[in-house]
Amino acid sequence: MLVLFAAVMICILAAPASAALENKTGQVTVFWGRNKDEGSLREACDTGRYTTVIISFLDVYGDGGKYHHLDLSGHPVGRVGADIKNCQSKGVPVSLAIGGFGGDYSLPTEQSALDLSDYLWNAFLGGAKPGVRRPFGDARLDGVDLFLEHAAPDGEHYDVLAKELAKHNVRGKPLHLTATPRCRFPDERVRKALDTGVFERVHVRFYDDQECRVNWQELWGEWTAAYPYTKVYFGLLASPEAGQGYVFPKEIYYSLLPVAQSAANYGGVMLWDRYYDNLNDLSSFVSQWA
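First, a word on what this report is: a plain description of the structure on this page. Please read all numbers here as calculations on a predicted model, not as lab measurements.

**Focus: the packing of aromatic side chains**
Part 1 of the reasoning: If you walk through the whole model with that rule in mind, you get 23 aromatic pairs.
Part 2 of the reasoning: Arranged with centres 5.6 Å apart and planes meeting at 80°, the rings of Phe 31 and Phe 147 form a pair that is edge-to-face. Of this pair, Phe 31 sits in strand 1 (residues 28-32) while Phe 147 is found in strand 5 (residues 143-147), placing the two residues 116 residues apart along the sequence. Of the two residues, Phe 31 and Phe 147, neither departs from the other in class, the shared state being buried.
Part 3 of the reasoning: In textbook terms, an aromatic cluster arises when at least three aromatic residues are bridged by ring pairs, as seen for Phe 31, Phe 57, Phe 101, Phe 147 and Trp 272.
Part 4 of the reasoning: Its guanidinium or amino end placed over the ring of Tyr 233, Arg 201 lies 5.3 Å from that ring's centre, counting from NZ or CZ.

**Section: the pairing of strand 8 (residues 176-179)**
Part 1 of the reasoning: Across four bridges, the pairing between strand 5 and strand 8 is parallel. In the sheet register, Val 144 faces strand 8, and the bridge partner there is Leu 177.
Part 2 of the reasoning: Bridge count between strand 8 and strand 9 (residues 201-205): two bridges; the pairing is parallel. Across the sheet, Ala 179 pairs through a bridge with Val 202, a residue of strand 9.

**Structural notes on the nonpolar core**
Part 1 of the reasoning: Core analysis: the biggest nonpolar cluster contains 91 residues, and Ile 55, Leu 120, Phe 124, Leu 146 and Tyr 158 have the highest contact counts within it.
Part 2 of the reasoning: No other element matches the six residues that helix 4 (residues 110-123) contributes to this core.
Part 3 of the reasoning: Apart from residues lying up to four places away in sequence, Leu 146 is in contact with Ile 98, Tyr 158, Leu 161, Thr 178, Ala 179, Thr 180, Val 190, Ala 193 and Phe 199.

**With respect to the side chain of Arg 134**
Part 1 of the reasoning: Within the secondary structure, Arg 134 sits in the loop between helix 4 and strand 5.
Part 2 of the reasoning: Of the side chains with opposite charge, Asp 138 lies nearest to the buried Arg 134, which makes no salt bridge, at 7.1 Å.
Part 3 of the reasoning: Those residues in contact with Arg 134, other than ones at most four positions away along the chain, are Trp 121, Asn 122, Ala 123, Phe 124, Leu 125, Gly 127, Ala 139 and Arg 140.

Rules used throughout
- Residues numbered from 1 in each chain as written.
- Predicted model: local features only at pLDDT ≥ 70, side-chain atom pairs only at ≥ 80, totals over all residues.
- Heavy atoms only, no water.
- Phe/Tyr/Trp six-rings, centres within 6.5 Å; stacked < 30°, edge-to-face > 60°.
- Helix = DSSP H or I, 4+ residues; strand = E, 2+ residues; numbered from the N terminus.
- Buried < 20%, exposed > 50% of the residue type's maximum accessible area, 1.4 Å probe, protein only.
- Lys NZ or Arg CZ within 6 Å of the ring centre and 35° of its normal.
- Pairing = 2+ DSSP bridges.
- Core = buried A, V, L, I, M, F, W, Y, C linked by side-chain atoms within 4.5 Å.
- Contact = heavy atoms within 4.5 Å.
- Lys, Arg positive; Asp, Glu negative; His and termini not counted.
- Salt bridge = Lys/Arg side-chain N within 4 Å of Asp/Glu carboxyl O.

Rendered as structure tokens:
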């Protein structure tokens, strides 16, 4: 695999100057927390390749605010707080993704959304409340990401959650509010929330869907046009083993990024995820091109 990437890199470096990418932002977001063999959060930030790391997932919530579950795939939760602070000291903000691939979450009422906002603020962000445990100690996360794989299109209140979270500042800065939808536009699971206009970034997952592969330029245009004041990130698989729709580095450089970067609100690249990036080392290239 390393030989393949070395060959690709030689070809790219030898390419005509006209192929050079423009409008780069240098922004690369990666998801961390889905495999205990991916290494620590500290190690991810120490690579210098990622500009944001999203911890995944808080995957159980919505039952009257009584029960929440943080799934980090076997990572020692007690060590994460110090790692968060290390990342932040290097200028890498760290967010928490809520939702995920399980189905034990929902926001069926406005009150459930308000309850979740209150819990997130006091358990992970800038607040503190008697009786609310802080899994990462006094480390304060920088933001929240909505990864709503199994949210019901109707009857959910993520718009209420988004507007409530947007009222907060963390460590003297506005809370980073982001979403990670699937590529088909619109993604009804998160549409109401995005339409509030309070999101800083959207990481669109251009993988695990054949239509994404075939019509990615059209879909990219729809996402960037729909949210002109939000930074839109192009979501990629970090390795062929991560799922369907992996894009090889040469295609990223010559085909994908020139189109993506032509959008005025292009934000950067999102990689799924840290474990697969360790296997494939894609970020070593993408961090130079994004």
